[in-house]
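These are the residues of each chain, in order.
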Amino acid sequence: MLEAIILGNDHTNSLGVTQSLGSRNVRSYAYLWGTKTGIVPSSRYNCKTIYCDTPQQCIDKIILEHPQGGVLYACCDEAAYIIDINKGLLKDHFYFQGVNNVESIYVAQNKI
């Protein structure tokens with residue numbers, strides 16, 4: 001069974017994805033950085049919350065803690081960007097928007 005890995009800040013976007021997946025019995029793991037508001041960990045659907053200092057530290061921990069891979073959900077612009085710049089490390093084990101495309105997530109979303 002693939003695991004859902006939430007990547008973002010401790011805010012409503014990450015909470016919404018966590019609760020949407022959880023309501024469908026999908027286990028999720030939240031890798032968060034920034035202000036610790038406690039919103040995501042308070043969800044009854046969240047399996048585990050891991051706080052990091054930077055988005056790159058989240059990516060490094062995800063690779064170490066989920067060697068079997070999983071599905072990555074970018075819950076903010078910075079999460080999409082960090083997945084994009086680490087695409088080479090992630091693409092063989094993880095599923096995420098743009099994994100099979102040459103175009104970057106950031107470009108596809110018209111962020112640059």
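Definitions and cut-offs
Counting starts from 1 at the beginning of each chain's written sequence and moves along it residue by residue. The model is predicted, so local features are restricted to residues of pLDDT at least 70 and side-chain atom pairs to those at 80 or more, both for listing and for counting; the totals for chains, interfaces and linings are taken over all residues. Think of the side-chain values as coming from all heavy atoms in the structure, minus any hydrogens and water. In DSSP terms, a helix is any run of H or I states spanning at least four residues, a strand is any run of E spanning at least two, and both are numbered starting from the N terminus. Burial status follows relative accessibility: with a 1.4 Å probe on protein chains alone, a residue under 20% of its type maximum counts as buried, one over 50% as exposed, and anything between as partly exposed. Two N or O atoms count as a polar contact when they lie within 3.5 Å, although within protein this holds only if one can serve as hydrogen donor and the other as acceptor, and sequence-adjacent residues are included solely when both atoms are side-chain atoms. It only takes one pair of heavy atoms within 4.5 Å for two residues to be counted as in contact. Only when DSSP finds a minimum of two bridges between them are two strands counted as paired. Residue-level confidence of the predictor, termed pLDDT, takes values from 0 up to 100. Stacked, tilted and edge-to-face are the three classes applied to pairs of Phe, Tyr and Trp rings, where Trp contributes its six-membered ring and a pair requires centres within 6.5 Å; stacked means planes under 30 degrees apart, edge-to-face means over 60, and tilted covers the rest. By the criterion adopted, a ring carries a charge over it if an Arg CZ or a Lys NZ lies within 6 Å of its centre and within 35 degrees of its normal. Of all possible arcs, the one meant is that of the directions from the helix axis to the C-beta atoms.

Some words on the side chain of His-66
Along the chain, the position of His-66 falls in the loop between helix H2 (55-65) and strand S4 (70-74). Residue His-66 is classed as buried on the basis of its relative accessible area of 4%. Separated by 2.6 Å, the side chains of His-66 and Glu-3 make a polar contact. Not counting residues up to four positions away in its chain, the partners in contact with His-66 are Glu-3, Ile-5, Tyr-29, Tyr-31 and Phe-94.

Notes on the pairing of S4
Where strand S1 (residues 4-9) lies against S4, four bridges are found, and the strand directions are parallel. Paired with Ile-6 across the bridge in S4 is Tyr-73. The pairing of S4 with strand S5 (residues 94-95) spans two bridges and is classified as parallel. Bridging from a neighbouring strand, Gly-70 pairs with Phe-94 of S5.

Some thoughts on the confidence of the model for the chain
When pLDDT is averaged across the chain, the result is 87; 85% of the residues are at 70 or more. At the low end of the mean pLDDT range in the chain sits helix H5 (residues 105-108), at 58; at the high end sits H2, at 97.

So, the packing of aromatic side chains
The relative placement of two aromatic rings is captured by the distance of their centres and the angle of their planes. Within the structure shown, the criterion is met by zero aromatic pairs. Note that Lys-36 overlies the ring of Tyr-51, its terminal NZ or CZ placed 4.9 Å from the centroid.

Topic: unusual backbone geometry
Positioned with a positive phi, Asn-25 is a non-glycine residue whose angle comes to about 60 degrees. Inspection of the secondary structure assignment puts Asn-25 in the loop between helix H1 (12-22) and strand S2 (28-33).

Structural notes on H1
Here H1 has its buried residues at Ser-14, Leu-15, Thr-18, Leu-21 and Gly-22. Seen along its axis, H1 keeps its buried residues to an arc of 140 degrees; they face one direction. Check the buried side of H1 and you find it contacts S1, S2, strand S3 (46-52) and S4.

Overview of the environment of Pro-41
For Pro-41, the position within the fold is in the loop between S2 and S3. In this structure Pro-41 comes out as partly exposed when scored by relative accessible area, which is 36%. Every residue in contact with Pro-41, bar those within four places of it in the chain, is listed here: Asp-10, Asn-46, Thr-49 and Tyr-51.

Quick look at the environment of Gln-97
One can find Gln-97 in the loop between S5 and H5. Taking relative accessible area as the criterion, Gln-97 reaches 48% and is therefore assigned partly exposed. Separated by 26 residues in the primary sequence, Gln-97 and Val-71 place their C-alpha atoms 9.4 Å from one another.

Some words on the sheet that holds S1
Taking strand neighbours across the sheet as the criterion, the five strands line up as S3-S2-S1-S4-S5 in an open arrangement whose pairing is parallel. Among the strands making up the open sheet, the edge pair consists of S3 and S5. Pairing geometry for S2 and S3, over six bridges, is parallel. In the strand pairing of S3, Tyr-31 is matched with Ile-50.

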